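Examining the three-dimensional arrangement
Chain by chain, the residues run as shown.
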Amino acid sequence: MIKKPYLLSPGPTPVPPEVLQAGSRPLIHHRTSEFSEIFMEVTEALRYVFQTTQDVYTLTSSGSGAMEAAVVNILDPGDKALVLNAGKFGDRWSKICRTYGIAVREIKVPWGSDIPAAELAEQIDAHPDVQAVFSTLSETSTGTVYDIEGFARITAATEILLVVDGISGLGAMPCPMDHWGVDVLISGSQKSFMTPPGLAFIAFSPKAWRSVETSSLPRFYFDAQAAHNALHKQTSAWTPAISLIRQLREALKIMRGIGLEGLISHHRAMAEATRAGVQALGLDLLSQIPGNILTAVKTPHGLDGVRLVKLMQDRFKVHIAGAQDPHKGEFFRIGHLGFIGGFDIITALTALEMTLGEMGYTDFEQGGSLSAAQAIIKENWI
Ligand SMILES: *Cc1c(COP(=O)(O)O)cnc(C)c1O
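As the structure is a prediction and not an experimental result, all values here were calculated from the model.

**Topic: unusual backbone geometry**
Leaving glycine out, the prevailing phi sign among residues is negative, and the prevailing peptide bond configuration is trans. In this chain, Gly 11 is followed by Pro 12 through a cis amide linkage whose omega measures -5 degrees. With respect to the secondary-structure elements, Pro 12 resides in the loop between strand S1 (6–7) and helix H1 (17–22). The peptide bond linking Asp 325 to Pro 326 adopts the cis configuration, its omega dihedral lying at 0 degrees. Mapping Pro 326 onto the fold places it in the loop between strand S13 (321–322) and strand S14 (331–335). Here the phi dihedral of Gln 234 falls at roughly 60 degrees; this positive angle occurs in a residue that is not glycine. Along the chain, the position of Gln 234 falls in the loop between helix H9 (224–231) and helix H10 (242–258).

**Examining a nonpolar patch on the surface**
Taken together, the side chains of Phe 220, Tyr 221 and Trp 238 define a hydrophobic patch exposed on the protein surface, amounting to about 340 Å² of accessible area. Here Trp 238 shows up in the loop between H9 and H10. Classification of Trp 238 as partly exposed rests on a relative accessible area of 31%.

**Side note on the pairing of strand S5 (residues 132–136)**
In terms of residue burial, S5 counts as a mostly covered element, since 5 of its 5 residues are buried. Burial along S5 is two-sided: the residues Ala 132, Phe 134 and Thr 136 and Val 133 and Ser 135 are all buried. The sheet contact formed by strand S3 (residues 80–85) and S5 spans 3 bridges and is parallel. Looking at S5, one finds that Leu 82 is bridged to Val 133. In this sheet, strand S8 (residues 161–165) lies alongside S5 in parallel orientation, the contact comprising 5 bridges. Looking at S8, one finds that Phe 134 is bridged to Val 163.

**Details of the sheet that holds S5**
Within a sheet, adjacent strands bond to each other through the backbone by hydrogen bonds, running parallel or antiparallel. On the basis of which strands lie adjacent, the open sheet formed by 7 strands has the order S2-S10-S9-S8-S5-S3-S4 and mixed pairing. Sheet topology places strand S2 (56–60) and strand S4 (103–108) at the edges, where each strand pairs with a single neighbour. The sheet shows a mean angle of 20 degrees between the axes of neighbouring strands, taken without regard to direction. Note: S8 against strand S9 (residues 184–188), 3 bridges, orientation parallel. By the bridge assignment, Asp 165 is partnered in S9 with Ile 186. Sheet contacts for helix H3 (residues 63–74): S2, S5, S8, S9 and strand S10 (199–204); angle to S10, the most-contacted strand, approximately 30 degrees. This element, helix H4 (residues 88–99), spans S3, S4, S5, S8 and S9 of the sheet and lies at about 160 degrees to S3.

**Looking at the nonpolar core**
Ranked by internal contacts, the top residues of the largest apolar core, which has 95 residues, are Ile 74, Phe 134 and Phe 204. Among the domains, domain 1 (17–258) and domain 2 (259–380) are the pair contributing at least three residues each to this core. Those residues in contact with Phe 204, other than ones at most four positions away along the chain, are Gln 54, Asp 55, Tyr 57, Asn 73, Ile 74, Met 177, Asp 183, Val 184, Trp 209, Val 212 and Ala 224. One finds Val 297, Phe 332, Leu 349 and Phe 364 within the second-largest nonpolar core, a separate group that totals 34 residues.

**Focus on the side chain of Thr 299**
Tracing the chain through its elements places Thr 299 in the loop between strand S11 (294–298) and helix H12 (305–316). A distance of 3.4 Å separates a polar side-chain atom of Thr 299 from the backbone nitrogen of Phe 331. Those residues in contact with Thr 299 that lie beyond four places of it in its chain are Asp 304, Gly 305, Gly 329, Glu 330, Phe 331 and Phe 332.

**Some thoughts on the packing of aromatic side chains**
Summed over all chains, the structure comprises 12 aromatic pairs. Plain terms: the ring middles of Phe 220 and Trp 238 are 5.1 Å apart, the flat faces sit at 25 degrees to each other, and that makes the pair stacked. Separated by 18 residues along the polypeptide, Phe 220 in the loop between helix H8 (206–214) and H9 and Trp 238 in the loop between H9 and H10 bring together distant segments of the chain. Note that Lys 191 overlies the ring of Phe 89, its terminal NZ or CZ placed 5.5 Å from the centroid. Between the NZ or CZ atom of Arg 256 and the centre of the ring of Tyr 48, over which it lies, the distance is 4.8 Å.

**Focus: the site of the ligand**
Close to the ligand lie 14 residues, the nearest being Ser 62, Ser 64, Thr 140, Asp 165 and Lys 191. Between the ligand and Gly 63, the relevant distance is 2.8 Å, taken from an oxygen atom to a main-chain nitrogen or oxygen of the residue. In this structure, Gln 190 approaches the ligand through a side-chain N or O atom, which is 2.7 Å from an oxygen atom. Here the ligand, which alone exposes 380 Å², has 89% of that area covered by the protein. Contributing elements (two or more residues each) for the shell around the ligand: H3 and H4. The element contributing the most residues to the shell around the ligand is H3, with 3 residues.

Cut-offs used in this document
Residues numbered from 1 in each chain as written. Predicted model: local features only at pLDDT ≥ 70, side-chain atom pairs only at ≥ 80, totals over all residues. Heavy atoms only, no water. Helix = DSSP H or I, 4+ residues; strand = E, 2+ residues; numbered from the N terminus. Patch = residues over 30% accessible without salt bridge, like charges linked within 9 Å, V, L, I, M, F, W, Y side chains within 5 Å. Areas by Shrake-Rupley, 256 points an atom, 1.4 Å probe, with all protein chains shown as cover. Salt bridge = Lys/Arg side-chain N within 4 Å of Asp/Glu carboxyl O. Buried < 20%, exposed > 50% of the residue type's maximum accessible area, 1.4 Å probe, protein only. Pairing = 2+ DSSP bridges. Axes fitted to C-alpha atoms, helices over the stretch in contact; angles between N-to-C directions. Contact = heavy atoms within 4.5 Å. Core = buried A, V, L, I, M, F, W, Y, C linked by side-chain atoms within 4.5 Å. Domains from an automatic or database assignment. Polar contact = N/O pair within 3.5 Å; in protein donor to acceptor, adjacent residues only side chain to side chain. Phe/Tyr/Trp six-rings, centres within 6.5 Å; stacked < 30°, edge-to-face > 60°. Lys NZ or Arg CZ within 6 Å of the ring centre and 35° of its normal. Near = heavy atom within 4 Å.

Put into C-alpha coordinates, the structure is as follows:
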(Lines give C-alpha, C1' and ligand atoms only; values in the text may rest on other atoms or scores of the structure.)
Protein backbone atom coordinates (compact mmCIF):
# COMPACT_ATOMS: atom_id res chain seq x y z
CA MET A 1 0.00 0.00 0.00
CA ILE A 2 1.11 3.56 -0.59
CA LYS A 3 1.19 5.14 2.84
CA LYS A 4 0.86 8.90 2.71
CA PRO A 5 2.04 10.93 5.69
CA TYR A 6 -0.34 13.41 7.32
CA LEU A 7 0.79 16.15 9.68
CA LEU A 8 -1.89 17.10 12.20
CA SER A 9 0.31 18.43 14.97
CA PRO A 10 -0.18 21.87 16.52
CA GLY A 11 3.16 22.96 15.09
CA PRO A 12 4.85 22.55 12.80
CA THR A 13 1.80 22.53 10.56
CA PRO A 14 1.43 21.51 6.88
CA VAL A 15 2.80 23.93 4.30
CA PRO A 16 0.82 24.69 1.09
CA PRO A 17 2.50 23.79 -2.24
CA GLU A 18 3.03 27.40 -3.36
CA VAL A 19 4.71 28.17 -0.04
CA LEU A 20 6.98 25.13 -0.38
CA GLN A 21 7.87 26.16 -3.91
CA ALA A 22 8.83 29.69 -2.90
CA GLY A 23 11.53 28.19 -0.69
CA SER A 24 13.26 26.51 -3.61
CA ARG A 25 13.93 29.61 -5.70
CA PRO A 26 17.56 30.63 -6.37
CA LEU A 27 18.84 32.67 -3.47
CA ILE A 28 18.99 36.45 -3.70
CA HIS A 29 21.18 38.71 -1.58
CA HIS A 30 19.48 40.40 1.36
CA ARG A 31 21.06 43.84 0.90
CA THR A 32 19.23 44.46 -2.37
CA SER A 33 16.12 46.36 -3.37
CA GLU A 34 14.61 43.05 -4.48
CA PHE A 35 14.84 41.67 -0.93
CA SER A 36 13.71 44.98 0.63
CA GLU A 37 10.56 44.89 -1.45
CA ILE A 38 9.73 41.38 -0.24
CA PHE A 39 10.61 42.26 3.37
CA MET A 40 8.42 45.35 3.41
CA GLU A 41 5.52 43.48 1.81
CA VAL A 42 5.81 40.81 4.51
CA THR A 43 6.02 43.44 7.26
CA GLU A 44 2.88 45.13 5.97
CA ALA A 45 0.97 41.85 5.81
CA LEU A 46 2.11 40.99 9.35
CA ARG A 47 0.70 44.32 10.54
CA TYR A 48 -2.61 43.19 9.10
CA VAL A 49 -2.53 39.86 10.96
CA PHE A 50 -1.39 41.57 14.19
CA GLN A 51 -4.04 44.28 13.63
CA THR A 52 -1.58 47.00 14.50
CA THR A 53 -0.22 50.22 13.03
CA GLN A 54 3.10 49.51 14.79
CA ASP A 55 6.07 47.85 13.10
CA VAL A 56 6.21 44.07 13.29
CA TYR A 57 9.78 42.77 13.41
CA THR A 58 10.65 39.46 11.79
CA LEU A 59 13.32 37.59 13.73
CA THR A 60 15.31 34.60 12.54
CA SER A 61 14.55 32.18 15.35
CA SER A 62 11.85 29.82 16.51
CA GLY A 63 8.99 31.29 18.53
CA SER A 64 10.87 31.07 21.83
CA GLY A 65 13.34 33.62 20.45
CA ALA A 66 10.54 36.17 20.27
CA MET A 67 9.55 35.25 23.83
CA GLU A 68 13.10 35.99 24.96
CA ALA A 69 13.10 39.19 22.88
CA ALA A 70 9.94 40.35 24.66
CA VAL A 71 11.51 39.84 28.09
CA VAL A 72 14.92 41.38 27.41
CA ASN A 73 13.61 44.47 25.64
CA ILE A 74 11.11 45.74 28.19
CA LEU A 75 12.50 44.86 31.64
CA ASP A 76 15.32 45.91 33.95
CA PRO A 77 17.28 43.59 36.24
CA GLY A 78 15.33 43.04 39.45
CA ASP A 79 11.96 43.93 37.88
CA LYS A 80 8.86 42.01 38.90
CA ALA A 81 6.72 40.05 36.46
CA LEU A 82 3.36 38.34 36.81
CA VAL A 83 3.13 35.20 34.69
CA LEU A 84 -0.15 33.52 33.83
CA ASN A 85 0.91 29.89 33.87
CA ALA A 86 -1.61 27.33 32.66
CA GLY A 87 0.69 24.97 30.81
CA LYS A 88 4.02 24.36 29.13
CA PHE A 89 4.22 27.70 27.37
CA GLY A 90 3.05 29.84 30.26
CA ASP A 91 5.73 28.05 32.25
CA ARG A 92 8.30 29.03 29.61
CA TRP A 93 7.60 32.73 30.32
CA SER A 94 8.56 32.11 33.96
CA LYS A 95 11.72 30.23 32.97
CA ILE A 96 12.89 32.98 30.61
CA CYS A 97 12.12 35.74 33.13
CA ARG A 98 14.00 33.90 35.91
CA THR A 99 16.97 33.37 33.59
CA TYR A 100 17.28 37.15 33.41
CA GLY A 101 16.91 37.70 37.14
CA ILE A 102 13.30 38.86 37.04
CA ALA A 103 11.27 38.21 40.20
CA VAL A 104 8.38 36.05 39.00
CA ARG A 105 4.98 35.76 40.64
CA GLU A 106 2.61 33.31 38.99
CA ILE A 107 -1.08 32.76 38.67
CA LYS A 108 -0.81 29.03 38.18
CA VAL A 109 -3.83 26.92 37.31
CA PRO A 110 -4.19 23.24 36.37
CA TRP A 111 -3.66 22.47 32.67
CA GLY A 112 -6.84 23.13 30.70
CA SER A 113 -8.33 25.49 33.29
CA ASP A 114 -9.42 29.07 32.81
CA ILE A 115 -7.73 32.14 34.30
CA PRO A 116 -10.55 34.65 34.83
CA ALA A 117 -9.62 38.28 34.23
CA ALA A 118 -10.98 39.03 37.72
CA GLU A 119 -8.18 36.92 39.16
CA LEU A 120 -5.62 39.01 37.32
CA ALA A 121 -7.28 42.18 38.63
CA GLU A 122 -7.07 40.83 42.19
CA GLN A 123 -3.39 39.95 41.85
CA ILE A 124 -2.57 43.35 40.41
CA ASP A 125 -4.46 45.08 43.21
CA ALA A 126 -2.52 43.05 45.77
CA HIS A 127 0.85 43.46 44.00
CA PRO A 128 0.75 46.65 41.93
CA ASP A 129 4.55 46.82 41.66
CA VAL A 130 4.86 44.40 38.70
CA GLN A 131 6.21 45.83 35.46
CA ALA A 132 4.67 43.30 33.11
CA VAL A 133 2.09 40.55 32.83
CA PHE A 134 3.06 37.61 30.60
CA SER A 135 0.18 35.69 29.06
CA THR A 136 -0.66 33.18 26.34
CA LEU A 137 -3.42 33.56 23.76
CA SER A 138 -3.62 29.85 22.98
CA GLU A 139 -1.83 27.54 25.40
CA THR A 140 -0.71 24.96 22.87
CA SER A 141 0.08 22.33 25.49
CA THR A 142 -3.64 22.10 26.36
CA GLY A 143 -5.62 23.75 23.54
CA THR A 144 -7.02 26.33 25.94
CA VAL A 145 -7.59 29.96 24.94
CA TYR A 146 -7.41 32.87 27.34
CA ASP A 147 -9.28 36.14 27.77
CA ILE A 148 -6.63 38.48 26.39
CA GLU A 149 -9.24 41.20 25.85
CA GLY A 150 -10.18 41.01 29.53
CA PHE A 151 -6.53 40.99 30.66
CA ALA A 152 -5.77 44.00 28.48
CA ARG A 153 -8.68 45.97 29.91
CA ILE A 154 -7.04 45.62 33.32
CA THR A 155 -3.44 46.40 32.35
CA ALA A 156 -4.46 49.29 30.07
CA ALA A 157 -5.59 51.26 33.14
CA THR A 158 -2.13 50.89 34.71
CA GLU A 159 1.56 51.35 33.83
CA ILE A 160 1.85 47.55 33.60
CA LEU A 161 2.64 46.07 30.19
CA LEU A 162 0.65 43.13 28.82
CA VAL A 163 2.82 40.68 26.87
CA VAL A 164 0.97 38.07 24.82
CA ASP A 165 2.38 34.87 23.34
CA GLY A 166 0.28 34.50 20.22
CA ILE A 167 2.53 31.85 18.71
CA SER A 168 -0.16 29.31 17.94
CA GLY A 169 -3.21 31.52 18.35
CA LEU A 170 -2.62 34.50 16.11
CA GLY A 171 -4.31 34.06 12.74
CA ALA A 172 -6.74 31.49 14.11
CA MET A 173 -8.26 33.33 17.08
CA PRO A 174 -9.08 37.03 17.40
CA CYS A 175 -6.34 39.12 19.02
CA PRO A 176 -6.45 42.65 17.57
CA MET A 177 -3.34 44.16 19.15
CA ASP A 178 -4.17 47.87 18.97
CA HIS A 179 -7.90 47.56 19.61
CA TRP A 180 -7.50 45.37 22.69
CA GLY A 181 -4.46 47.25 24.01
CA VAL A 182 -1.88 44.46 23.92
CA ASP A 183 1.61 45.91 24.58
CA VAL A 184 3.88 43.22 23.21
CA LEU A 185 2.53 40.60 20.80
CA ILE A 186 4.62 37.76 19.41
CA SER A 187 4.07 34.91 17.00
CA GLY A 188 5.97 32.32 14.97
CA SER A 189 6.01 30.97 11.43
CA GLN A 190 5.26 27.29 11.93
CA LYS A 191 1.76 27.41 13.41
CA SER A 192 -1.15 29.27 11.82
CA PHE A 193 1.22 31.03 9.42
CA MET A 194 1.60 27.74 7.45
CA THR A 195 5.31 28.38 6.88
CA PRO A 196 8.21 26.13 7.97
CA PRO A 197 9.77 26.78 11.40
CA GLY A 198 12.47 29.43 11.75
CA LEU A 199 10.82 32.85 11.86
CA ALA A 200 9.36 34.70 14.82
CA PHE A 201 7.50 38.02 14.93
CA ILE A 202 7.25 40.72 17.57
CA ALA A 203 5.51 44.08 17.85
CA PHE A 204 5.53 46.70 20.63
CA SER A 205 2.82 49.25 21.52
CA PRO A 206 3.89 52.89 22.09
CA LYS A 207 3.57 52.20 25.84
CA ALA A 208 5.94 49.22 25.47
CA TRP A 209 8.36 51.28 23.38
CA ARG A 210 8.86 53.63 26.29
CA SER A 211 10.15 50.63 28.25
CA VAL A 212 12.28 49.44 25.32
CA GLU A 213 14.02 52.80 25.31
CA THR A 214 14.96 52.64 28.98
CA SER A 215 15.23 48.92 29.76
CA SER A 216 18.69 47.68 30.66
CA LEU A 217 18.60 43.89 30.50
CA PRO A 218 21.49 42.60 28.37
CA ARG A 219 20.64 41.91 24.75
CA PHE A 220 22.35 41.88 21.41
CA TYR A 221 20.84 39.59 18.76
CA PHE A 222 17.29 40.30 19.92
CA ASP A 223 17.72 44.07 20.42
CA ALA A 224 14.43 45.68 19.32
CA GLN A 225 16.17 48.99 18.67
CA ALA A 226 18.47 47.27 16.16
CA ALA A 227 15.44 45.66 14.48
CA HIS A 228 13.72 49.04 14.42
CA ASN A 229 16.69 50.89 12.91
CA ALA A 230 17.16 48.20 10.26
CA LEU A 231 13.47 48.11 9.33
CA HIS A 232 13.59 51.83 8.70
CA LYS A 233 16.24 51.05 6.12
CA GLN A 234 13.85 48.39 4.73
CA THR A 235 15.97 45.51 5.91
CA SER A 236 16.77 43.33 8.91
CA ALA A 237 19.55 43.85 11.45
CA TRP A 238 21.25 40.51 10.78
CA THR A 239 21.27 38.13 7.83
CA PRO A 240 17.61 37.14 7.55
CA ALA A 241 16.28 33.68 6.65
CA ILE A 242 15.80 34.85 3.08
CA SER A 243 14.10 31.72 1.75
CA LEU A 244 11.73 31.50 4.72
CA ILE A 245 10.75 35.14 4.27
CA ARG A 246 9.91 34.43 0.65
CA GLN A 247 7.84 31.48 1.77
CA LEU A 248 6.11 33.61 4.38
CA ARG A 249 5.22 36.12 1.68
CA GLU A 250 3.29 33.41 -0.19
CA ALA A 251 1.61 32.21 3.01
CA LEU A 252 0.57 35.75 3.92
CA LYS A 253 -0.92 36.18 0.44
CA ILE A 254 -3.11 33.15 1.13
CA MET A 255 -4.00 34.48 4.59
CA ARG A 256 -4.89 37.93 3.27
CA GLY A 257 -6.93 36.35 0.48
CA ILE A 258 -9.07 34.54 3.04
CA GLY A 259 -9.04 37.50 5.43
CA LEU A 260 -8.75 37.41 9.21
CA GLU A 261 -12.48 36.93 9.76
CA GLY A 262 -12.49 34.08 7.26
CA LEU A 263 -9.44 32.46 8.85
CA ILE A 264 -10.97 32.63 12.29
CA SER A 265 -14.30 31.16 11.19
CA HIS A 266 -12.48 28.45 9.21
CA HIS A 267 -10.46 27.45 12.25
CA ARG A 268 -13.60 27.54 14.39
CA ALA A 269 -15.28 25.07 12.02
CA MET A 270 -12.23 22.75 12.06
CA ALA A 271 -12.24 22.82 15.86
CA GLU A 272 -15.98 22.17 16.11
CA ALA A 273 -15.75 19.25 13.68
CA THR A 274 -12.86 17.72 15.64
CA ARG A 275 -14.57 18.13 18.98
CA ALA A 276 -17.83 16.68 17.65
CA GLY A 277 -15.86 13.72 16.26
CA VAL A 278 -14.01 12.78 19.41
CA GLN A 279 -17.05 13.36 21.60
CA ALA A 280 -19.02 11.00 19.35
CA LEU A 281 -16.46 8.36 20.36
CA GLY A 282 -17.31 9.02 24.01
CA LEU A 283 -13.95 10.69 24.64
CA ASP A 284 -13.53 13.71 26.92
CA LEU A 285 -11.87 17.02 26.16
CA LEU A 286 -9.08 18.20 28.43
CA SER A 287 -9.78 21.90 28.19
CA GLN A 288 -12.51 23.90 29.90
CA ILE A 289 -12.31 26.48 27.12
CA PRO A 290 -10.99 24.78 24.00
CA GLY A 291 -9.97 27.11 21.20
CA ASN A 292 -9.77 26.90 17.43
CA ILE A 293 -6.17 25.76 17.30
CA LEU A 294 -6.02 22.20 18.54
CA THR A 295 -8.11 19.71 20.44
CA ALA A 296 -6.66 17.99 23.50
CA VAL A 297 -8.44 14.70 24.19
CA LYS A 298 -8.13 12.69 27.39
CA THR A 299 -6.73 9.22 26.83
CA PRO A 300 -9.52 6.68 27.48
CA HIS A 301 -9.18 4.93 30.81
CA GLY A 302 -6.79 2.00 30.75
CA LEU A 303 -5.05 2.96 27.50
CA ASP A 304 -1.45 4.12 27.13
CA GLY A 305 -1.60 7.60 25.61
CA VAL A 306 2.05 7.64 24.56
CA ARG A 307 1.52 4.37 22.67
CA LEU A 308 -1.65 5.70 21.04
CA VAL A 309 0.20 8.63 19.47
CA LYS A 310 3.14 6.46 18.42
CA LEU A 311 0.92 3.74 16.98
CA MET A 312 -1.08 6.25 14.93
CA GLN A 313 2.18 7.58 13.56
CA ASP A 314 3.99 4.27 12.98
CA ARG A 315 1.04 2.30 11.61
CA PHE A 316 -0.94 4.96 9.78
CA LYS A 317 1.55 7.79 9.30
CA VAL A 318 -0.86 10.24 10.88
CA HIS A 319 1.15 12.52 13.09
CA ILE A 320 -0.72 14.03 16.03
CA ALA A 321 0.93 15.19 19.27
CA GLY A 322 1.07 13.66 22.70
CA ALA A 323 0.86 15.46 26.01
CA GLN A 324 4.01 17.15 27.28
CA ASP A 325 5.66 16.68 30.66
CA PRO A 326 4.46 16.31 33.39
CA HIS A 327 1.24 15.00 31.81
CA LYS A 328 2.74 12.55 29.30
CA GLY A 329 0.24 9.93 28.18
CA GLU A 330 -2.73 11.52 29.92
CA PHE A 331 -4.09 13.10 26.76
CA PHE A 332 -3.28 13.62 23.09
CA ARG A 333 -3.55 16.67 20.85
CA ILE A 334 -4.99 16.90 17.35
CA GLY A 335 -3.77 20.05 15.61
CA HIS A 336 -6.15 21.78 13.22
CA LEU A 337 -4.45 25.04 12.43
CA GLY A 338 -2.90 26.53 9.36
CA PHE A 339 -3.24 24.64 6.09
CA ILE A 340 -5.80 22.10 7.33
CA GLY A 341 -9.12 21.40 5.65
CA GLY A 342 -12.24 19.49 6.61
CA PHE A 343 -11.05 16.29 4.97
CA ASP A 344 -7.86 16.37 7.03
CA ILE A 345 -10.08 16.24 10.11
CA ILE A 346 -11.86 13.22 8.62
CA THR A 347 -8.44 11.59 8.09
CA ALA A 348 -7.39 12.28 11.68
CA LEU A 349 -10.63 10.86 13.07
CA THR A 350 -10.42 7.78 10.84
CA ALA A 351 -6.88 7.16 12.05
CA LEU A 352 -8.00 7.70 15.63
CA GLU A 353 -10.82 5.16 15.32
CA MET A 354 -8.47 2.62 13.71
CA THR A 355 -5.78 3.19 16.32
CA LEU A 356 -8.23 2.87 19.20
CA GLY A 357 -9.46 -0.35 17.57
CA GLU A 358 -5.92 -1.72 17.35
CA MET A 359 -5.46 -0.96 21.02
CA GLY A 360 -8.54 -3.00 21.87
CA TYR A 361 -10.75 -0.02 22.66
CA THR A 362 -13.95 -0.56 20.73
CA ASP A 363 -16.43 1.09 23.01
CA PHE A 364 -17.88 3.26 20.23
CA GLU A 365 -19.88 3.06 17.04
CA GLN A 366 -17.52 2.65 14.09
CA GLY A 367 -17.61 5.67 11.84
CA GLY A 368 -19.48 7.63 14.50
CA SER A 369 -16.81 10.30 14.72
CA LEU A 370 -16.88 10.73 10.95
CA SER A 371 -20.62 11.37 10.73
CA ALA A 372 -20.42 13.87 13.56
CA ALA A 373 -17.54 15.75 11.94
CA GLN A 374 -19.09 15.56 8.47
CA ALA A 375 -22.25 17.26 9.70
CA ILE A 376 -20.21 20.25 10.88
CA ILE A 377 -18.01 20.37 7.79
CA LYS A 378 -21.12 20.31 5.58
CA GLU A 379 -22.80 23.04 7.60
CA ASN A 380 -19.75 25.28 7.13
CA TRP A 381 -19.11 24.40 3.47
CA ILE A 382 -19.76 27.78 1.90
C1 LIG B 1 5.06 26.56 19.61
C2 LIG B 1 4.86 27.51 20.72
C3 LIG B 1 5.92 28.13 21.38
C4 LIG B 1 7.37 27.77 21.16
O5 LIG B 1 7.77 28.05 19.93
P6 LIG B 1 9.11 27.40 19.35
O7 LIG B 1 8.92 27.80 17.92
O8 LIG B 1 9.05 25.93 19.57
O9 LIG B 1 10.24 28.04 20.00
C10 LIG B 1 5.65 29.05 22.37
N11 LIG B 1 4.41 29.35 22.71
C12 LIG B 1 3.34 28.76 22.12
C13 LIG B 1 1.98 29.13 22.56
C14 LIG B 1 3.54 27.83 21.10
O15 LIG B 1 2.48 27.26 20.52
